[in-house]
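Chain residues, written in single-letter form:
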Amino acid sequence: MDVPPRLRQQDQADFERALTQALASDDIRAALVRGARGLDRASLRALARSASAEIVSAAADEYGEYARLRAAADLAGPLGGRPREEGEGRRDGGLLSALAVFAPVLAGATAVLCYLIGSLLRFFARSERHLADSVTEVAWSAAIAAAAGAVVGVVGLLVTAARHRSAALAHAEAAVAHAEAAEPVPDSLLLAREAWRAALLERGMLPFLLGRLEPAPGGDLPL
């Protein structure tokens, strides 16, 4: 849907609303039934959009007041703080989580490897039994460290998850508080918008559409 020329993007909805109301009015429907120009609603809608500058100019005073009050409200309204940066905390939490998972895996792999080496030394090099026993002890120590690391890792992950959940709740509460603290739209701005809509419909849209449907005085049809 094209934006009518000389009309701000945020006012497009008001223009389309007035156009829809005008096309649904009794006067326009009666003129369409008479069919003096052979136009239909789609043709009228296209004509109105192409002549939006002419239609809007009929309500220029009301639109100017509405635009002035809107600009003043935008300047006086709360700017709203930017969300707190949490990237650093997330990176730290991700690093701790990775270590909590990686450390027990590494210790477990070390335990398995040392146990295999110790078993092979005990089987193939009976003269190196002392070395095999030492390697096996290292394997058991690594296994204990892996088990302890797994427990610590699980606890750490639970703590990190709880911390993130608390942070998410705090962020949601802050967003709600910010929304509640936002200033309401001034009544004067609402009244100005309604005045602009009414003028656009009554002095701009309806006369334009009727002028395209009804013969001009003297029997000539408008161009």
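Just so we're clear, the structure is a prediction, and the values are computed from it rather than from any experiment. (Residues numbered from 1 in each chain as written. Predicted model: local features only at pLDDT ≥ 70, side-chain atom pairs only at ≥ 80, totals over all residues. Heavy atoms only, no water.)

**A few points about the overall build of the protein**
(1) Moving on: Secondary structure assignment for the protein yields 8 helices and 0 strands.
(2) Moving on: Scanning the protein from its N terminus toward the C terminus, one meets helices and strands in the order α-α-α-α-α-α-α-α.
(3) Moving on: Within the protein, buried positions represent 26% of all 223 residues.
(4) Moving on: Put simply, of all contacts in the protein between residues at least 6 apart along the chain, 74% involve residues at least 24 apart.
(5) Moving on: In the form shown here, the protein has an accessible surface area of approximately 14700 Å², with 64% of it arising from carbon and sulfur atoms. (Helix = DSSP H or I, 4+ residues; strand = E, 2+ residues; numbered from the N terminus. Buried < 20%, exposed > 50% of the residue type's maximum accessible area, 1.4 Å probe, protein only. Contact = heavy atoms within 4.5 Å. Areas by Shrake-Rupley, 256 points an atom, 1.4 Å probe, with all protein chains shown as cover.)

**Quick look at a nonpolar patch on the surface**
(1) Moving on: On the surface, Val112, Tyr115, Leu116 and Trp140 cluster together into a nonpolar patch covering about 460 Å² of accessible area.
(2) Moving on: When residues of the nonpolar patch are assigned to their parent elements, the largest contribution, 3 residues, is made by helix H6 (residues 87-124).
(3) Moving on: Mapped onto the elements, Tyr115 comes out in helix H6.
(4) Moving on: Tyr115 sits in the partly exposed class, given a relative accessible area of 43%. (Patch = residues over 30% accessible without salt bridge, like charges linked within 9 Å, V, L, I, M, F, W, Y side chains within 5 Å. Salt bridge = Lys/Arg side-chain N within 4 Å of Asp/Glu carboxyl O.)

**Regarding the nonpolar core**
One recurring pattern in soluble globular proteins is that nonpolar side chains are buried together.
(1) Moving on: The biggest cluster of nonpolar side chains holds 28 residues, and the ones touching the most others in it are Ile28, Leu200, Met205 and Leu209.
(2) Moving on: Within the residue set of this core, elements represented by two or more residues are helix H1 (12-23), helix H2 (26-34), helix H3 (41-50), helix H4 (52-57), helix H5 (60-76) and helix H8 (187-213).
(3) Moving on: Per-element tally for this core: the top contributor is H8, with 11 residues.
(4) Moving on: Contacts of Met205, omitting those with residues within four sequence positions, involve Phe15, Ala18, Leu19, Ala22, Ala48, Ile55 and Leu200. (Core = buried A, V, L, I, M, F, W, Y, C linked by side-chain atoms within 4.5 Å.)

**Concerning the packing of aromatic side chains**
(1) Moving on: Considering all chains together, one arrives at 2 aromatic pairs under this definition.
(2) Moving on: Seen in terms of ring centroids, Tyr63 and Tyr66 are 6.5 Å apart; in terms of plane orientation they differ by 70°. Their pairing is edge-to-face. Of this pair, Tyr63 and Tyr66 are both found in helix H5, 3 residues apart, which corresponds to roughly one turn of the helix. In terms of burial, Tyr63 and Tyr66 fall into one category: buried. (Phe/Tyr/Trp six-rings, centres within 6.5 Å; stacked < 30°, edge-to-face > 60°.)

**A word on the pattern of salt bridges**
(1) Moving on: Counting across every chain of the model gives 9 salt bridges.
(2) Moving on: A salt bridge links Arg49 to Glu16, with the nearest nitrogen and oxygen atoms 3.0 Å apart. One end of the pair, Arg49, is in helix H3; the other, Glu16, is in helix H1, with 33 residues separating them in the sequence.
(3) Moving on: We classify Arg49 as partly exposed; its relative accessible area is 28%.
(4) Moving on: The exposure class assigned to Glu16 is buried, which follows from its relative accessible area of 10%.

**A word on H2**
(1) Moving on: The set of residues buried in H2 consists of Ile28, Ala31 and Leu32. Axial view of H2: buried residues confined to an arc of 100°, hence all on one face. In H2, the exposed positions that point more than 90 degrees away from the buried face belong to Asp26, Val33 and Arg34.
(2) Moving on: Looking at the buried side of H2, the elements it contacts are H1, H3 and H8. (Arc of directions from axis to C-beta.)

**Thoughts on the packing of H3 against H8**
(1) Moving on: Between H3 and H8, the least distance of the axes is 11 Å, while the angle of their chain directions is 125°. By the criterion of interaxial angle, the relationship of H3 to H8 is oblique. The crossing of H3 and H8 is right-handed. Here Leu44, Leu47 and Ala48 of H3 lie close against H8, whose contacting residues are Met205, Phe208, Leu209, Arg212 and Leu213.
(2) Moving on: For the contact of H3 with H8, the class distribution of residues is 7 nonpolar, no polar and 1 charged. (Axes fitted to C-alpha atoms, helices over the stretch in contact; angles between N-to-C directions. Parallel < 35°, antiparallel > 145°, perpendicular 65-115°, else oblique. Left-handed = near helix turned anticlockwise from the far one by under 90°. Nonpolar A, V, L, I, M, F, W, Y, C, P; charged D, E, K, R; others polar.)

**Points about H1**
(1) Moving on: The end-to-end C-alpha separation of H1 is 17 Å, in line with the 16 Å expected for 12 residues at 1.5 Å each.
(2) Moving on: Listed as buried for H1 are Gln12, Asp14, Phe15, Glu16, Ala18, Leu19, Ala22 and Leu23. (Expected span 1.5 Å × (residues − 1).)

**As for the confidence of the model for the protein**
(1) Moving on: Overall, the prediction assigns the protein a mean pLDDT of 76, with 69% of residues at 70 or greater.
(2) Moving on: The low-confidence segment residues 1-5 (pLDDT under 50) makes 12 contacts with residues lying over four places distant or belonging to another chain.
(3) Moving on: Below pLDDT 50 for its whole length, residues 78-86 participates in 5 contacts with residues either more than four positions away or in separate chains. (pLDDT = per-residue confidence, 0-100.)

**With respect to the environment of Arg29**
(1) Moving on: Within the element layout of this structure, Arg29 appears in helix H2.
(2) Moving on: Taking the C-alpha atoms as reference points, Arg29 and Arg41, 12 residues apart in sequence, are found 9.0 Å from one another.
(3) Moving on: With sequence-adjacent residues up to four places away left out, Arg29 is seen in contact with Leu23, Ala24 and Arg41.

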